[in-house]
Amino acid sequence: MRSIGMVLPVILDSVPQVVWVVDHRGRILYTNPAGVAALGYDGAGELVGLSSHETLHPRRPDGTPYPAAECPMLRPATTGVPAHGNDEWFQRRDGSFFPASWWAAPIDLPDGRGVVYSFFDATENRELERARRERDAARIRADESRAAQRRIMQSIESVRRQTARDLHDGAQQRLVSLLIGLRLTRDLLPDSADAATGLLDQAITDAQTAIDELRELAYGVYPSVLQAKGLRAAVESLAERCAVPATVVGEYPHRLPAEVESNAYFVIAEALTNAVKHAGASHIRISLELRDALRIEVADDGIGGVPQNAVGGGLTGLADRVGAFDGVLVIDSPPDRGTSVRAEIPIPGRAANRGDAPMACPSRSRAS
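Every value quoted in this text rests on a predicted model; they were computed, and no experiment measured them. (Residues numbered from 1 in each chain as written. Predicted model: local features only at pLDDT ≥ 70, side-chain atom pairs only at ≥ 80, totals over all residues. Heavy atoms only, no water.)

### Quick word on the overall build of the protein chain
Working step 1: The number of helices and strands found in the protein chain is ten helices and eleven strands.
Working step 2: Here the protein chain, with 368 residues, has 37% of them falling under the buried criterion.
Working step 3: By element, 56% of the accessible surface of the protein chain is carried by carbon and sulfur atoms, the whole surface being about 20200 Å². (Helix = DSSP H or I, 4+ residues; strand = E, 2+ residues; numbered from the N terminus. Buried < 20%, exposed > 50% of the residue type's maximum accessible area, 1.4 Å probe, protein only. Areas by Shrake-Rupley, 256 points an atom, 1.4 Å probe, with all protein chains shown as cover.)

And the structure:
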């Protein structure tokens, strides 16, 4: 059996890691083929006898001198303690630099303590680390963007609710009081006062119209039924008021967080508006389903043909609303086969309650 001393050169010649041995003065005594290739030399004879420090990094990448006294790779020869580093830059034979990770360990040689080096080109590792940091930074930016977008939407919904309350409690109530006053005044006038009666009748009609329009405006800003009874009732009210016959179907067991219900309502409202304006549909089906997430679908039997890139164009508002809550929006619109707008919005904490049994709700249609 061959001795380890005979086998060791074969092993060192075969390993892909660089192995150098330097003496107590820092002169290269041995390099394996990997060490020759790493620096772009043709053979070990070109390296043996050279100063390891002057060969690896006589200067820094910025051109400033790098004194051997500052080189941490040589310290094991004097301290007897192994060393390691990831922040060195080594110079190839052609003068180019590469980042290096290295290890150095003391070794007793016949003429004193030397050092065994092992190092490798860390360019790929650094690129992977940089890519990881950029990916993490991009994910953090995306999370922060979604959080900011969600806060903006929550703020908008809060303003919507407050505006609707202000319209109801302020201007609408004043108009109602005005209408009552006009009617009382009308009742006090004798039938012979035709001119005054006609003016009051017109004023009563105008006041009633203003109240109706204000009520419609308040409903569009934020429907009171959404806050009072929840998403299902608000969507049913929306379907009843739709210019195209609409049906609401699905399972909906309980109330959700206000910001989720509000966001889902306006997603449905906008999809419904798009269908009424552009689809040429005779019927629209609105589906609600709550399981591990809130699933919404607004499907029509219209002309279809919505472009695949519509989410980045006219339907950006829908995509933004759904995306702000980490949801997914899918539009399926084959030509002449209608359009389906599907959204899935995760519910915080809902995944832990997947065992909840959903309660079936009866469907409700708007008559033609």
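### Looking at the pairing of strand β3 (residues 83–91)
Working step 1: Relative to strand β4 (residues 97–109), β3 runs antiparallel, the two being bridged by seven bridges. Along β4, the bridge assignment pairs Gly 85 with Trp 102.
Working step 2: The antiparallel pairing of β3 with β4 creates a hairpin that spans five residues between the two strands, and Gly 95 there sits at a positive phi of about 95°. (Pairing = 2+ DSSP bridges.)

### Some details on helix α9 (residues 258–279)
Working step 1: Helix length check: α9 (22 residues) gives 30 Å between terminal C-alpha atoms against 32 Å at 1.5 Å per residue, within 8%.
Working step 2: A positive backbone phi angle near 65° is found at Gly 280, which sits one or two residues after α9. (Expected span 1.5 Å × (residues − 1).)

### Some details on the confidence of the model for the protein chain
Working step 1: The share of residues in the protein chain with pLDDT of 70 or more is 76%, and the mean pLDDT across the chain is 78.
Working step 2: For residues 351–368, every residue scores under 50 in pLDDT, and the model assigns this stretch 39 contacts once sequence neighbours within four places are set aside. (pLDDT = per-residue confidence, 0-100. Contact = heavy atoms within 4.5 Å.)

### Observations regarding helix α8 (residues 231–240)
Working step 1: α8 sits mainly inside the fold: nine of its ten residues count as buried.
Working step 2: Every buried residue of α8 is listed here: Leu 231, Arg 232, Ala 233, Ala 234, Val 235, Glu 236, Ser 237, Leu 238 and Ala 239.

### Considering the packing of α8 against α9
Working step 1: Across the interface, α8 lies against α9 with an axial gap of 10 Å and an inter-helix angle of 20°. Here α9 runs roughly parallel to α8, going by the angle between their axes. Note on packing geometry: the crossing formed by α8 with α9 is right-handed. On α9, the residues that touch Leu 231, Ala 234, Val 235 and Leu 238 of α8 are Glu 261, Ala 264, Tyr 265, Ile 268, Ala 269 and Leu 272.
Working step 2: Of the residues belonging to the contact of α8 with α9, the class tally is nine nonpolar, no polar and one charged. (Axes fitted to C-alpha atoms, helices over the stretch in contact; angles between N-to-C directions. Parallel < 35°, antiparallel > 145°, perpendicular 65-115°, else oblique. Left-handed = near helix turned anticlockwise from the far one by under 90°. Nonpolar A, V, L, I, M, F, W, Y, C, P; charged D, E, K, R; others polar.)

### With respect to the pattern of salt bridges
Working step 1: Tallied over the full model, the rule gives 14 salt bridges.
Working step 2: Across the pair Arg 60 and Glu 70 runs a salt bridge, and its minimum N-O distance is 3.0 Å. Note that Arg 60 is positioned in the loop between α3 (52–56) and α4 (76–79) and Glu 70 in the loop between α3 and α4, a separation of ten residues in sequence.
Working step 3: The class of Arg 60 is partly exposed, set by a relative accessible area of 29%.
Working step 4: Overlapping salt bridges, with partners in common, bring together Asp 42, Glu 46 and Arg 93 in one network. (Salt bridge = Lys/Arg side-chain N within 4 Å of Asp/Glu carboxyl O.)

### Some points on the packing of aromatic side chains
Working step 1: In total, this model carries six aromatic pairs according to the counting rule given.
Working step 2: An angle of 85° between the planes, with centres 5.1 Å apart, marks the rings of Tyr 265 and Phe 266 as edge-to-face.
Working step 3: On the basis of relative accessibility, which here comes to 3%, the residue Tyr 265 falls in the buried class.
Working step 4: These aromatic residues form a ring-pair network of at least three members: Trp 20, Phe 90, Phe 98, Tyr 117 and Phe 119. (Phe/Tyr/Trp six-rings, centres within 6.5 Å; stacked < 30°, edge-to-face > 60°.)

### Examining the nonpolar core
Working step 1: Counting 42 residues, the largest nonpolar core has Tyr 265, Ile 284, Ile 286 and Leu 294 as its most contacted members.
Working step 2: For this core, the element with the most residues is α9, which contributes eleven residues.
Working step 3: In this structure, Ile 284 is in contact with Cys 242, Val 244, Pro 245, Ala 246, Thr 247, Leu 272, Ala 275, Val 276, Val 298, Ala 299 and Asp 300, ignoring residues within four places of it in sequence. (Core = buried A, V, L, I, M, F, W, Y, C linked by side-chain atoms within 4.5 Å.)

### Thoughts on the sheet that holds strand β2 (residues 28–31)
Working step 1: The five strands lie next to each other as β2-β1-β5-β4-β3, forming an open sheet whose pairing is antiparallel. The sheet is open, and its two borders are formed by β2 and β3, each paired with just one other strand. Ignoring strand direction, the axes of neighbouring strands in this sheet form an average angle of 30°.
Working step 2: Note that β4 and strand β5 (residues 112–121) share ten bridges and pair antiparallel.

### Digging into the environment of Asp 111
Working step 1: Structurally, Asp 111 is set in the loop between β4 and β5.
Working step 2: Sequence separation of Asp 111 and Asp 23 is 88 residues, and the distance between their C-alpha atoms is 7.9 Å.

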